[in-house]
Amino acid sequence: MLIYLTAAIHTLLAGQKISISGRVTDEFNEPVIGANIMIKDTYQGTTTDLDGSFILLASFSGEKKIVITYLGYEPTEKLIEAGTDSQHNTGTIKIKPSATQLEGVTITAGAFEASDEKRGTILNPLDIVTTGATADVAAALNTLPGTQKVGEEGKLFVRGGAAYETRTFIDGMVAQNPYNSSVAGVPSRGRYSPFLFSGTMFSTGGYSAEYGQALSSALVLNTHGLANKTQTDVGVTTVGLDASHQKLWKNTSLAVTGNYMDLSPYTALINQNIDWISPFRNYGAQGIYRKKISENGILKIHGDVSSTSLRLKYPNVNNPAVPNDVSMRNNYAYLNTSFKEIIKDIWTLAGGLSYNYNHDYVKFDSTYQRITDQLVQARFNASRFVGNMFKIKTGVEYFSQVYQEKVDNQQDINRNTQYQIHNYAAFTELDIVFNSRLYARIGERFEYSSYINEPTFSSRVSLAYRLNSNTQVSGSFGQFYQLPESRFLIYSPNLVNENALHYILNYQYTKNQRIFRVEGYYKDYNRLTKYDGDYRYQPQLLNNSGYGYAKGVDVYFRDRKTFKDIDYWISYSFLDTRRNFRNFHQEAVPNFASMHNVSIVYKQWIDQIDSQLGVTYSFASGRPYNDPASEQFNDKRTLSYNDLSANLSHLTELWGHSAILFISCTNILGFENIFGYRFSESPDDAGNFNRIAIEPTAKRFAFVGFFVTFEQKKNNSSQH
Amino acid sequence: MKKLIIILISLSSFSLSAQNYLTAMSDCLAQLEKAETIQEYTDLALAFERIGIAEKTKWHPYYYQAFCLLVKSFMLKDADSRDNIIDAAEGIIKKAGELGGDKGELSALQARAFQARLSVDPGTRAMQYGPKTTMLLAEARAQNPNNPRVLFLLGQNLLFTPAGFGGGKEKALPLIEQAVEKFNTAPVQDPLAPSWGREEATSLLANAKK
């Protein structure tokens, strides 16, 4: 009896050795190598081989499940019946990708992402500082394909679009005035320091339904989260001073910054193409508050005020002996409050409130113009996964803009006009993961604008197919609407939203810190704002009969791997575009469009001297300008644009504190660059039109800055 | 009779499983001591995972699974594969935390994950992951000032951070010395408790003192 009992227990516990064999594949019947195979609730297990096959010798009796786990896939169970046979074959078992794997899905068409967190990104935040020579967000993005160099503006021009067609978002909120105000001939700079941002998504087309009011491009900038230490920064440069202090508490951080920029010492020293009376001067202050509101939630408040002024003698093409006296003053304020929260690992909620204030006072001889632009925006988004296949994102947005323009020439013109617009928007976007290779994003955006009383619906669709883990082919189609520029809208409520359609095809290959991508696109513009001659302020002469197209190919190659400590990229953009808009009287290539743009960026870390060297070469083929003597409109081309810029960041110390010495210079080789020409209104006696070349403000811009970081002496919380 | 059988079975299976767990873990840990190749670390990670899944409530298997994956991540060359494996390791560390794992030890392991992340692309990530690692370890140290792995990693991190950025030899050395001392005097305890880092710390200290 006892023997029988022991035997029974033994059999029950250990069972008999049986062999289980099978094969594991992914959803495409490709073998899964290295999957973990185990008998449920036991330690017995094995691994799949190169063929995805496994053989497992195990002892148990009755029914048991085997469990299959593999990185990035859902754990899968399969029932095994240890019958009389000592051999069991499970056949082929297919495993499915897990939701976390799907979360990493990005559709590359149209998008350039820069972030610390994500992989295979095109640019990282540091790149923005170490590209070109001006540490400017727009200038750095201008080395990416799909952008055109327009030196006299200093703004982003994307795929044949004008500067206003790119809209900037900070933490999801609109930044209505992302550039410093300026006057004709003096390029703008971005208002925001590249050091503010930990992530950038620069879309050159086909972007998400989450973003509206942009015909060509969305630039989505995400600021840093909670500061990671308490420190004080002081910077002394050839053009000014800045200082900031940042304090970190347990779950809160606050940073305050003040800066002063004055170009007068610099312009006195370096030969200028501009006859300054009072060069660019700027006072600014910022406050950045961060609060960790929960494990995954953060509240961000960012405030910014600044005041800018400049005055110069503007060459008068009609009467060269008497230059125009042009001055500009700008006051600016921006408050951006946003939050993000993840609830129970399911819902992601985000939203915010922002206020934009911009006041420009421009005086041109005796005529002055004051423009006040105010915009308040509120926004709320929610997103979640639904099962393994879907991710849904939906949101609402409202903004109200008040725009005032006063013009007075102290003679016959004295206008004082303003408009207010309420804009309501809602969007829904669905990400569908058909399998780990094929994904789609379908979005619909609705907007209603009060002042012009127009509802718009825009549909956006993207599809991506992963050929293998390194290669993605994607395509995108989208409808985009944008209100006419405020300077037109103010004079006519009879205008409608301008419209663009994007068609994009993208191929991207990423492997081990090398990226190669080619993107072809076609853009169809409709309802662009047109007006007759110079009379944009006559409502009856403003209409939406403008149209145009842009098509081209963008190529990008970046390699951070082949050479040690060396990182380089090459961008090439081909652009073919024509449009009939603004005061054009026929279809023509707009003057901001150049057919070929090339950027070569080279960076090297030089260990011996603790320095990073960055060299950027830029080329743009000639841009159109209109010679009134020519019978054709806009048919002349400038010479091509060339620039070689370099920067060096040297890490050093000052009194035991870390410091950076930054030196940069544009146009080292001294190319003569001309962006276009201005012509006199009427010909002289010989029948020739006088012309003045539009040039850079100086042949070169050289910059030296010394930045020191003072950290709290370590005697802090790490001591117990 | 039937009752007796059931009691007997459940009794023996209980003791057997407790016994099994210790044996299986000790077995794997012995192999971990000797492991050198990517294949060995891969196999061990899978073995620990099997134990973890079978046991359901034990954190040690997950701890060691993540540990093996992180070691493996340092041995791989391809940046994307490294990041993917660190992703997985971080998920597993989190799981071990949910199962009530030792906070200090898990922080130390998470710091290792940050270091791994940093080493994939130091040029880009040093600015972010350097301070992140220091912060995490300083917190862990405040909770348990006696964990030699926390002290060692904190010292190591400061040693490779420039003095101007809050690091430097001066700050690092006392920590590493303290770590080595704690490694040498640590009482013999739970056979499953993490014990790695002693050799690394000792050789780092020797090198740093040169």
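Everything numeric in this text was worked out from a predicted model, so none of it was measured. (Residues numbered from 1 in each chain as written. Chains lettered and ligands numbered in written order. Predicted model: local features only at pLDDT ≥ 70, side-chain atom pairs only at ≥ 80, totals over all residues.)

(A) Representation of the overall build of chain B. Helix and strand content of chain B: 9 helices and 0 strands. Traced from its N-terminal end to its C-terminal end, chain B shows the element sequence α-α-α-α-α-α-α-α-α. Across the 210 residues that make up chain B, the buried fraction comes to 44%. Put simply, 57% of the contacts in chain B that link residues at least 6 apart link residues at least 24 apart. (Helix = DSSP H or I, 4+ residues; strand = E, 2+ residues; numbered from the N terminus. Buried ≥ 20, exposed ≤ 12 C-beta atoms within 10 Å, placed from the backbone. Contact = placed C-beta atoms within 7 Å.)

(B) Structural view of the packing of helix α3 (residues 60-75) of chain B against helix α4 (residues 79-98) of chain B. All names here are of chain B. Running from amino to carboxyl end, α3 crosses α4 at an angle of 160°, the nearest separation of the two axes being 9 Å. The angle between α3 and α4 places the two elements in the roughly antiparallel class. Taken as a pair, α3 and α4 cross one another with a handedness that is left-handed. Between α3 and α4, the residues in contact are Y62, Y63, Q65, A66, L69, L70, K72 and S73 and R82, I85, I86, A88, A89, I92, I93, K95 and A96, respectively. Here the residues of the contact of α3 with α4 are counted per class, giving 12 nonpolar, 2 polar and 3 charged. (Axes fitted to C-alpha atoms, helices over the stretch in contact; angles between N-to-C directions. Parallel < 35°, antiparallel > 145°, perpendicular 65-115°, else oblique. Left-handed = near helix turned anticlockwise from the far one by under 90°. Nonpolar A, V, L, I, M, F, W, Y, C, P; charged D, E, K, R; others polar.)

(C) Broad picture of the domain arrangement of chain A. What the domain assignment reports for chain A is domain 1 (2-96) and domain 2 (111-711). Taking only C-alpha atoms into account, the centre of domain 1 of chain A sits 58 Å from that of domain 2 of chain A. (Domains from an automatic or database assignment.)

(D) Geometry of the pairing of strand β26 (residues 454-468) of chain A. Residues and elements named next belong to chain A. Pairing between strand β25 (residues 438-449) and β26: 12 bridges, direction antiparallel. Within β26, the position partnered with R441 by the bridge is S462. Linking β25 to β26, which pair antiparallel, is a turn of 4 residues; within it N453 sits at a positive phi near 50°. Joining the antiparallel neighbours β26 and strand β27 (residues 471-482) is a turn of 2 residues. (Pairing = 2+ DSSP bridges.)

(E) Representation of helix α6 (residues 122-143) of chain B. Residue and element names in this part refer to chain B. The terminal C-alpha atoms of α6 lie 29 Å apart, and with 22 residues this matches the ideal 32 Å at 1.5 Å per residue to within 8%. Roughly 35° is the biggest bend found in α6, and it falls at Q128, with proline P131 one to four residues downstream. Restricting attention to buried positions, one finds in α6 the residues Q128, Y129, G130, T133, T134, L136, L137, A140 and R141. Those residues of α6 hidden inside the fold are in contact with α5 (103-120) and α7 (148-159). (Expected span 1.5 Å × (residues − 1). Bend = angle between axes of the 7 residues up to and from the residue.)

(F) Structural view of unusual backbone geometry. Residues and elements named next belong to chain A. For D365, which is not a glycine, the phi torsion comes out positive at approximately 50°. Turning to its location among the elements, D365 is positioned in the loop between β21 (347-364) and β22 (367-386). Phi at Q410 takes a positive value of approximately 60°, unusual for a residue other than glycine. Exposure remark for Q410: the 10 C-beta atoms within 10 Å place this residue in the exposed category.

(G) Summary view of the nonpolar core. Counting 75 residues, the largest nonpolar core has A66(B), C68(B), A89(B) and I176(B) as its most contacted members. Beyond its immediate stretch of four places on either side in the chain, A66(B) contacts A89(B), I92(B), I93(B), A96(B) and L109(B). Counting residues in hydrophobic clusters, the runner-up holds 61 residues, among them V150(A), L575(A), F592(A) and V601(A). (Core = buried A, V, L, I, M, F, W, Y, C linked by C-beta atoms within 7 Å.)

(H) View of the packing of α4(B) against α5(B). Residue and element names in this part refer to chain B. Contact geometry of α4 with α5 gives a least axis separation of 10 Å together with a crossing angle of 165°. The orientation of α4 with respect to α5, classified from their angle, is roughly antiparallel. Relative to α5, the crossing made by α4 is left-handed. The segment α4 lies against α5, with A79, R82, D83, I86, A89, E90, I93, A96 and G97 engaging L106, L109, Q110, A113, A116, R117 and V120. Here the residues of the contact of α4 with α5 sort into 10 nonpolar, 2 polar and 4 charged.

(I) Representation of the environment of N324(A) in the model. All names here are of chain A. Tracing the sequence through the fold places N324 in strand β20 (residues 324-343). A count of 16 C-beta atoms within 10 Å places N324 in the partly exposed class. Through-space distance from the C-alpha of N324 to that of I128 is 36 Å; in sequence the pair is 196 residues apart. When residues no more than four places from it in sequence are discounted, the contact partners of N324 are Y314, N316, F364 and D365.

(J) Just α4(B), in detail. All names here are of chain B. An ideal rise of 1.5 Å per residue puts 28 Å on 20 residues; α4 measures up with 29 Å between its terminal C-alpha atoms. Every buried residue of α4 is listed here: R82, I85, I86, D87, A89, I92, I93 and A96. In this structure, the buried side of α4 is in contact with α3 and α5. Immediately beyond the C-terminal end of α4, within one or two residues, lies G100, with a positive phi of roughly 85°.

(K) Structural detail: the confidence of the model for chain A. Residue and element names in this part refer to chain A. Across chain A, the average pLDDT comes to 88, with 93% of residues at 70 or higher. Looking across chain A, the model is least confident in helix α1 (residues 2-14), with a mean pLDDT of 46, and most confident in β21, with 96. Counting contacts from residues 1-12, a segment whose pLDDT is below 50, to residues more than four positions away or on other chains yields 8 contacts. Predicted confidence is poor over residues 714-720, with pLDDT under 50, and the contacts of this stretch with residues over four places away or in other chains come to 9 contacts. (pLDDT = per-residue confidence, 0-100.)

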